[in-house]
Each structure stands twice: as structure tokens, then as C-alpha cells.
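So the chains spell out like this:
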Amino acid sequence: MVNQLIQLCRRILFYFRRDRFDQEMEEEMKFHLEKKAEANLTAGMSPDEAHYTARRRFGNQTLLIEKSREIWAFRSLETFWQDFRYSLRMLRKSPIFFLTAVLTLAAGIGANTAIFTLLHGLFLRELPVLRPAELARINLIGPIPGSESAERGIPWRMYQQLRLQQQSFTDLSAWAFAGVNIRDGEGVLRMYRVTLPTGNAFEVLGVKPYLGRLLTPSDDVRGGPSMGWPAVLSYGFWYERFGGDPQIIGKRLEVSNTIATIVGVTPPEFQGVLPGESTKIYLPLQFLTVLIGKHNLDSPAVSVFCRPIGRLKPGISLAQANAEMAIYQPALIREFLSPDQVYPSFIEKTRLTVSSASDGLGSFLVKKYLQPLLLMQCLVAVVLLLCCVNVGGLMMSTVYSRRHEFAVRMAMGARRWRLTRQYLTESFVIAIMGATLGAAAAWYGNRLLLAFFIDPNDQEGLFVKPDKIVFLITSLSAVLTTLLFGAAPAWHAGRSDPGTLLKSRTALGGRKRLLGRAFVPIQVALSVALVASAGLLSQSLIRIRSEQVGFDIGHITITCPQFHNLPQKGDALLDLYQRMVDRLEQLPGIQSAAATWYTPMTNSMATATFRAMIGGADSPEDSRLAWNDVGPGYFRTMRIGILAGREFERNERDRSVCVLNESAASHLFHQQAAIGQYVRSNDPQRFPKGAACRVIGVAQDAKYASAREKAPRTIYFPLNKEIGGNFVFLMRSDSEATATAAYRRALAEIAPMTPLLRFATLQQQMDDSLGQQRLITLMSQLFGGLALFLSALGLYGLLSSSVAQRTSEIGIRIALGAQRRAVLRMILYEALRLLAAGVLLGSIALLLTVRLIQGLLYGISPFDPVILFATVGLLGCVILVAAFIPALRAAAVDPIQALRLE
Amino acid sequence: MLILKSLDRSAEPMHGYGIYLYLKQISQDVIQVEEGSLYPALQRLALKGWVKAEWGQSENNRRARFYKLTPAGRKQLKQEFADFERVLEAIMRVMQST
């Protein structure tokens, strides 16, 4: 071992005297030769003979020096370095080839890295805690009407009982989530998402503090510990809001009008237990009493749900834990779930379930995006494969043009493996550059991609940073691609036969590569499907966005003040909204303002059944109408025209009056005038009071849930006390900034203790509601472009090598009198044949694709002739350009040159 | 081993040609190899640290590289010689037993 180390040192030292080494060897050998020659001379040889014999007996001096040098050098490394430098030289010589190959691979690897980073960051990452595989979460899972069976956790009181009873876990902890008001750096009150774990929760996870301490059981007591409530900051929040102040411990923080003391900071890698939803602050679970204004969470009258996470005892499986839960389930549900908390059907069918929490509590993101992301991952993997095949084809064509060089090298004694290795090194250089470029692109592109999934305001950013695993995967894909695209050319290079090749350049010609040939039409087919889909989807998006929505969508800023958290209730709360609206309308820049319950373009709306009362009697049939509660000035602010009657006034605050839209009015009352008639709801769950209301106005039709759907029949009521009082302000102004400034001023005057929440414009809301459509459209455009590029590249590679192979054949044709134009045509025909086969295949592929995207198309036929012609035309142009370069090369073949080499 | 041995026999450091002459003489021309292959062999020994090379003046005042056995080289020679003897002994025993 020591000896080897010393040898290694000697080898390294050798590199410092490398230049001297050869010279010294030569001198030493010269000395030997001269001595020998002298001896020969004394033995009676002539001087010439003496030198010659000495030399002959000595052997090949150069080879011997080389051999001596190799003893010292790191051989494989040196050869690699040689190959590497040679590769760089070769690649510099053909920059177009190099650039194309690198860019292609960069696109492939970049797309893979981007998607994988997202997938990994959002879904595949385990919590950065102690032995995450042992963690498990407990949930009541059952059908909840109107929503998917979201995981809601279990009631707090049930959790406490369960924690005492259970035997499967070393300990159980509970997590709750809430919004609190905290002043930001500028002193403006804002709402932040906080996590409220039980005192033992960090211990159960095994998280260690970055600074100070984390929460402990003594923090989590009713009414708070005697020193006041403690708060733990997340690393991100500490860094952003407090500039990473190292003296933060012991500072005070006002949280929803309560003073808390900062006791610690969580480590940067710990982002809470909800993947994709980073938290800012951790407070003890008992802090909920402050937030909901109750003194005791344990009272049966308080319905608080929490999300339990426990650490399974060693050797206990999830199945065993589930079996244990099944025993407790009936008694727990009987005691702690009451029908006034949840739906009766939920109680009947619910099950207490234990599942793995190695990745935290799971989040809405998983349900919504896991599948599309996985699908996309598969897609980009296929794209990478295509990229490899194409670059491989491109390299193959360089093997043909360089086969002379290889033959010469081989004739001079290069081994096959050496040539193969040379090519692999070249491939590796390309792959590494592609991977680097791709990773860099993915790094920046990820933010864009992420914006489709998560509100930019909520991106703490940290959790989708590429990490070790992502880096590993990228490097791995670089190596893999090297093997994939480099193997075939390398093998061919190694197989160059010096004898036949040096004699004739056509030796490799004539062999058809069927696989390579089949690949081009397949890629063309793929391009047809993707490009046509991209065209259809883009057109749909344009049409949706330019669609008449029935109101003036521009220049409206919206914000939801969360006034329902204030102590004011009932009429006082409605007064508050009205005062805000009045004040807003006085402020400069605000043309009009209003409050409303639902805003349009959120992909959701409220519906209920109603009956028209004609002549005092209910009409026999139910009509399902969309409905909304809107404040005075709503129609004015939205610029929805009032066709008859009037809109609501400020003294109208219950559902005794209503406004119908045009289609609702004509549906309910047919040809008769609707004004003055009555409508009654017969939906007791939604409208328990069920009173009849008088129609006071008819408004123009306006779209409601999304721009994709046509305007529903809608009934509008005035804002009223019955629906909880969480409304949204609409402000019409020239710019969003004006509206924001005015709102902040009005809020400071009228409700200073309310946090400032995010603002959006209706246009943004509409764009967000089209998020998935935009994502898919963008993806289809990207992939369409890529597919187009790849098929051009594939064709180019194929034709180039075919032209190179057929050089002498073409030479003979020209020598025999073929027109250059005919040669050009010959190559282009070959391209057209491949194109035609591809388009034929592509129309089948398109038929299948159209089924998939049919639901996303809007106002356009899936077989829109313009799009189809444009697709084929575009494809034809790209293919012809790609074919033209090798075709021109073929036409430029000099017959004399081509035949002389024969 | 032969190179090491020839260096061991000589008290003075030897140059390559000297080693060649010595080998030629004691083996009485039995060993016939390319003379030059001596030099890569010497380099291999130098890398292993068994010989040390230094430039010096030859008999007729020409610059030449002289090789000297190092303590490690001496140890190696002893080891190799012991191994060689053992093998030889074994072969002899087999040959004599018939």
C-alpha cells in the first residue's frame, strides 16, 4: 500500500520532468550505441557497418523510448486526454455538426432534467428528517359530497384519545394549519400561512434546529406558557423577512394581535410537512385557541381537525397499524364525529386509515399534477431517445466521411479499440456539453414551468432546487446518451478495414440501414401529430381569450380582504364592506368599485334549483340556475348592461329581490316581461328560508365559471348576511397600481387591523383558470418544434451518409452524362418519399392524438383544413431544407475526383 | 533479477552499456535479446524504487547515466533470489526422484 503510494508520487513527479525524460533516454541510448559501435569497430568492421549493426542489434529506439515513457505515465488517462484533445480539434473543425449535436442533446437532457427536478422536488422527495420511512399519517377517509375525498385528518379530541390508546407508534404528533396576520418588512399587515404542531411534533420527526430551539411539549399548553407564546421561523422566512439576523432569538413578533417570542429557526432543508406548500412560522398547536377565539380546544363544542403524524415502532408495518385502527374505529367515530360536523354519509362510510408519511402529509399538488407530470416525464424520455438516435445518425454520417482517416490510422498500427474509444470520447464530449447546457436551461426554465403549478407568491423557491439526485440523474443521462448515440458509430469506426478501404472508398457503400430509414418517417409522423395539435391548441387558446365574456374584463383589480375574520358580524359587517366601497369610489383613479361573493373565471360557480312563480303559482318544472350574491354597483363595475329594470341599491340586503340574466329571464318567464314577477328557490339546503323574491332587473348574459363555457342562466341576489360574509372587492381603474394604492389607503382608514392580501386582475384570473390549457398548449408547441427539428436532423443525417456512401456511384452517373439537376432531383425524391410515408403515418397518429385533446379544443374543428395544410406545408419546407444540403453536395460531386479514388 | 544482480555484484554504480556487457559476459551469449529492451526494464525498476539513476562521467569522460541499487532493491533481490532458489530446489527434487 505504502509502496503503491510512493509509486504514485513518483509517477506524478514524472510529469514535471517529462520533457527532459525523452531527451535523457535518447542520450543514454546514444551513449550505448556509440560504445557498441566503437566495440564493433575494434572488432574490425567498417565504420558504416559498425554503426548499422549496433543500431540493428539495439532495436527500434523510438519505440523503446515510448515504451519507457509509458511505464511512468498514467496510460489510460493519457490516451483519454489525447482522444479528448483530438475530439475537440475535430469538433472545432465541423462547428455546425458540433453545435447541432450539442443543442439537440441539450434540448433532450434539459427537458428531462426540468421535469425530473419538478417531479422530484414536489413528489418524490422524502422529508429531510430522521428515518422518514418510519413515519405514518392517520386520516379519516370517506366520501365528502361535492369534493374529492381530500385528506382532512381527524378531530382534535379523537386524536387525543387515539394517542393514549394506540400501541403501534412510539409516539403520535398532530399538525394543524392556519393563516395569521403579521406585518411585513414595510409594516404592512399581511396574511401568512403557519403550521401549528403539537409540542412533541419536532421530536417525533427528529428535526434539529438551525438556530435556537424548536417547539417542545412545555410550549404547547392551554393559554400558552408563562413566558408567552413561542414562535419558530422557517429558514426562508427568517432569511427574507429578517435578513438572516443571527441575533433573532428572543425578539418579539406580533402574530394576529398576540405577541410571540421567536425561539428558533428550522433548518433550510426542512420545508414543513406539506410538499409544495412551504410554511413561514411554526406555533404551538394550542395557539389555535387565540386564532379561533375559543378557550378550550378539548370542549365537544369546538370542532378542530388536525393531521396526525406518528413514528411506527420498529417492526410494526402499516398493515398492522391499520389493523389496530380498525379495532378502535367504531367507538372513536361514535364518540367524536357528529353529524353537525360532517355529512352523515361520510360517517357511514369513513375509515380510519394509516398511510406512509415519509414524504409528509401529501398535498393537493400531488393529486392534481402527479399524473400529468409522470406522463410528461415519459414523453421527454422518449424525446431524449429520439435525440440520441438522431445525433447517432448524424455521427454515423461523419464515420463515413472520416473512414479514410480511420483506415490510415489503422494501417499505421492503431488498434480497433483505440478507434472505437476515440469515437466514444467524441460522443462523450458532446454529451457532457449537451448535459451542461441542458441543465443550465432547466435551471432557468423550471421557474417558468413551476408558475403553472404553484402561485408565484407562494413559491418559497427552495424546494425545487436541483439537488444531488437531480445532478446524478443528469450526469447519468449524459453517460447513457453517450452510449446510446455513440455506440453505433464507434463500433463502425472500429470496424474500418484498412485494406479494402484504402483501396476503394466504396467498400462501405451499398449497405442499406433499414432501421435508420424507418426512423425518419416515424419522426415525421410524430411531428405531424404534434405540430397539428400545437396549431389546434394554440388556435383554441387564442379563440377562448378573445371570446366575448359578457363583461369588460380589462382594468378590474380584485382582492379578498377576509373581513369575515373581524369581530363585526351581520349588518355591521355589510356596513363595513359598503363603507370600503364608498371610500374607494371617492379615491382618485377608481372609476367604480363593488363587493361580490363569487368572481367570474375561477372555474367554479354556485348553482341551485329555482322555480318561476307565474300568477302566484309555482311553475311545475325546476330550473337549475347559477347564482351569485353581488353588492350595489356590481353591474356598473363589471360593465354588464342592465336591459330592463335596475341594479341593487344599498338598502337591499336580503334575498327578497333578484336580478336575472337574459337567458334566465326568457327561460323562466318565456315571452313575458320578467320585471315584477317572483322566483322561488326550492333548494332547502342552500336556501333554508326559501322565500320568494321579486325580479327587479334583467342583465345581459355574462360568462361565469370560465371563458370556455357559454354564459349560464344566472340569478343575482344582493349581498346578505346568510353566507358568512367573506366577499371580494372589484375595482375598476386605469392600472392595477392605482387600484392597489387606493385600496391600501381605504383599508388603513377603515379597517387598519386587516392584513393586506394579494391582488390580481380579472384578466390574470382568467389566465390562471386556463392554466392547464396553457400548459398543455405550451408543451405541445415546444414538443412540436422539437419534433420538427429532430425529423429534419434525422433526415439530414440519413441523406448525408447516404450521399457519402454513394459518392462514387454519383460520380459514375455524372461521368456517364447525368445532369447535376437530375442528381439533385434524385436525392430530393428520396426525401419526398420519406416525407410522404411520414405524413401518411402521421395522419393516423393525428387521429389518435385528436381524441386526447378534443376536450381542450374550442371553436375549431379537430380537422381544421387550414391547420392541417399549414402543418404539412411547414413540415415539407423544413424537410426540403434539410434535404437540400446533402442534395447539393451530391450534385457538386466531381466525377474525376470520385472515380480517381476508386 | 539479472539486472539487480549485476548491480549488486558491482560496488560502483553502472551505466546501461556496462550492465549489457556484464550480462553478456556472464551469460556467455546465451541470453539474446534486443539490447535496447534493457532500458525500459531499467525504467521499470526505477519506478519501483529498486534502482536509482544518476548522471555522471564515464571512463573516457563522457556523460552517462549510472544506476545504483537501493536498499529496497537489495531486499527485493534477496527475496527474489530466495524464491528462485526454492523453485529451483523443488524442480531439482522432482528431477532427481526419478
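The model shown is predicted, which means the values in this text are computed figures rather than measured ones.

About the criteria used
- Residues numbered from 1 in each chain as written.
- Chains lettered and ligands numbered in written order.
- Predicted model: local features only at pLDDT ≥ 70, side-chain atom pairs only at ≥ 80, totals over all residues.
- Helix = DSSP H or I, 4+ residues; strand = E, 2+ residues; numbered from the N terminus.
- Buried ≥ 20, exposed ≤ 12 C-beta atoms within 10 Å, placed from the backbone.
- Contact = placed C-beta atoms within 7 Å.
- Pairing = 2+ DSSP bridges.
- Axes fitted to C-alpha atoms, helices over the stretch in contact; angles between N-to-C directions.
- Parallel < 35°, antiparallel > 145°, perpendicular 65-115°, else oblique.
- Left-handed = near helix turned anticlockwise from the far one by under 90°.
- Nonpolar A, V, L, I, M, F, W, Y, C, P; charged D, E, K, R; others polar.
- Expected span 1.5 Å × (residues − 1).
- Arc of directions from axis to C-beta.
- Core = buried A, V, L, I, M, F, W, Y, C linked by C-beta atoms within 7 Å.
- pLDDT = per-residue confidence, 0-100.

**So, the overall build of chain B**
Step number 1: Tallying secondary structure elements over chain B gives four helices and three strands in all.
Step number 2: Listing every helix and strand of chain B by position from the N terminus yields α-β-α-α-β-β-α.
Step number 3: Evaluated residue by residue, chain B yields a buried proportion of 27% over its 98 residues.
Step number 4: When contacts within chain B are restricted to residue pairs at least 6 apart in sequence, those whose partners lie at least 24 apart make up 47%.

**A few points about the overall build of chain A**
Step number 1: A count of helical and extended segments in chain A gives 28 helices and 23 strands.
Step number 2: Scored against the burial criterion, the 902 residues of chain A give a buried share of 40%.

**As for the pairing of strand β22 (residues 728–733) of chain A**
All names here are of chain A.
Step number 1: The buried fraction of β22 amounts to five of the six residues, a majority that puts the element mostly inside the structure.
Step number 2: Here four bridges tie strand β12 (residues 556–559) to β22, and the two strands are oriented antiparallel to one another. Counted as the bridge partner of Ile558 is Leu730 from β22.
Step number 3: Inspection of the sheet shows strand β13 (residues 590–596) paired to β22 by six bridges, in the antiparallel sense. Bridge pairing in β22 links Ala593 to Met731.

**A short note on the packing of helix α24 (residues 771–805) of chain A against helix α27 (residues 865–891) of chain A**
Residue and element names in this part refer to chain A.
Step number 1: For the pair α24 and α27, interaxial distance at closest approach is 9 Å and the crossing angle is 20°. Regarding the angle of α24 to α27, the classification is roughly parallel. Relative to α27, α24 is oriented so that their crossing is right-handed. Contacts between α24 and α27 involve Leu788, Ala792, Leu795, Tyr796, Leu799, Ser800 and Val803 from the former and Leu875, Val878, Ile879, Ala882, Ala883, Ile885, Pro886, Arg889 and Ala890 from the latter.
Step number 2: Partitioned by chemical class, the residues of the contact of α24 with α27 number 14 nonpolar, one polar and one charged.

**Looking at the interface of chain B and chain A**
Interface size is often expressed as the accessible area that is lost when the parts come together.
Step number 1: Listed as interface residues are 16 residues of chain B and, on the opposing side, 19 residues of chain A.
Step number 2: Looking at the side of chain B that touches chain A, the elements with two or more residues in it are α2 (16–26), α3 (38–48) and β3 (63–69) of chain B.
Step number 3: Examining the composition of the side of chain B that touches chain A, we find that six residues originate from one element, α3 of chain B, more than from any other.
Step number 4: Per-class residue counts for the side of chain B that touches chain A are five nonpolar, five polar and six charged.

**Re the pairing of strand β8 (residues 258–265) of chain A**
Residues and elements named next belong to chain A.
Step number 1: In this sheet, β8 lies alongside strand β5 (residues 211–212) in antiparallel orientation, the contact comprising two bridges. Paired with Gly212 across the bridge in β8 is Gly264.
Step number 2: Note that strand β6 (residues 229–233) and β8 share five bridges and pair parallel. Counterpart to Val232 in the pairing with β8 is Gly264.
Step number 3: When strand β7 (residues 252–255) meets β8, the two strands line up antiparallel, connected through four bridges. Note on β8: the bridge partner recorded for Leu253 is Ala260.
Step number 4: The turn joining β7 and β8, which pair antiparallel and follow one another in sequence, is formed by two residues; a positive phi near 45° is taken by Ser256.

**Focus on helix α19 (residues 570–586) of chain A**
All names here are of chain A.
Step number 1: Taking 1.5 Å as the rise per residue, α19 with 17 residues should run 24 Å; its terminal C-alpha atoms sit 25 Å apart, in good agreement.
Step number 2: Three or more residues of α19 are buried, namely Leu573, Leu574, Tyr577, Met580, Val581 and Leu584. Along α19, the residues classed as buried sweep out an arc of 115° about the axis, all on the same side. More than 90 degrees from the buried face of α19, the exposed residues found are Asp571, Ala572 and Gln586.
Step number 3: On its buried face, α19 sits against β13, β22 and α22 (736–750).

**Describing the sheet that holds strand β2 (residues 51–57) of chain B**
All names here are of chain B.
Step number 1: Pairing within the open sheet is antiparallel, and its three strands lie in the order β1-β3-β2. Every interior strand has two partners, whereas the edge strands, β1 (14–15) and β2, have only one.
Step number 2: The pairing of β2 with β3 spans seven bridges and is classified as antiparallel. Bridge pairing links Lys52 to Lys68 in β3.
Step number 3: Against the sheet, helix α1 (residues 2–9) contacts β1, β2 and β3, and its axis sits at roughly 95° relative to β3.

**With respect to the nonpolar core**
Residue and element names in this part refer to chain A.
Step number 1: Among the nonpolar cores identified, the biggest contains 95 residues, and Leu105, Cys387, Val528 and Leu795 are the most heavily contacted of them.
Step number 2: Per-element accounting of this core gives the leading share, 16 residues, to helix α13 (residues 364–401).
Step number 3: Discounting residues that sit within four places of it in the chain, Val528 has contacts with Gly838, Val839, Gly842, Ser843, Ala845, Leu846, Thr871 and Leu875.
Step number 4: Counting residues in hydrophobic clusters, the runner-up holds 63 residues, among them Leu573, Val695, Phe729 and Met766.

**Observations concerning unusual backbone geometry**
Step number 1: Despite not being glycine, His555 of chain A has its phi angle at roughly 65°, a positive value.
Step number 2: For His555 of chain A, a count of 18 C-beta atoms within 10 Å corresponds to the partly exposed category.

**Focus: the confidence of the model for chain B**
Residue and element names in this part refer to chain B.
Step number 1: Taken as a whole, chain B shows an average pLDDT of 79; of its residues, 92% reach a score of 70 or greater.
Step number 2: Within chain B, no element has a lower average pLDDT than α1, which sits at 74, and none a higher one than helix α4 (residues 71–97), at 84.
Step number 3: The ipTM value of the predicted complex is 0.79, and its pTM value is 0.64.

**A word on the packing of helix α7 (residues 156–165) of chain A against helix α11 (residues 318–336) of chain A**
All names here are of chain A.
Step number 1: Following both chains from N to C, one finds α7 and α11 inclined at 150°, their axes separated by 10 Å at the closest point. As judged from the angle between their axes, α7 and α11 are roughly antiparallel. With respect to the hand of their crossing, α7 and α11 are arranged in right-handed fashion. Taking contact as the criterion, the partners of Arg157, Met158, Gln161, Leu162 and Gln165 in α7 are, on α11, Tyr328, Leu332 and Phe336.
Step number 2: Taken together, the residues that form the contact of α7 with α11 break down as five nonpolar, two polar and one charged.

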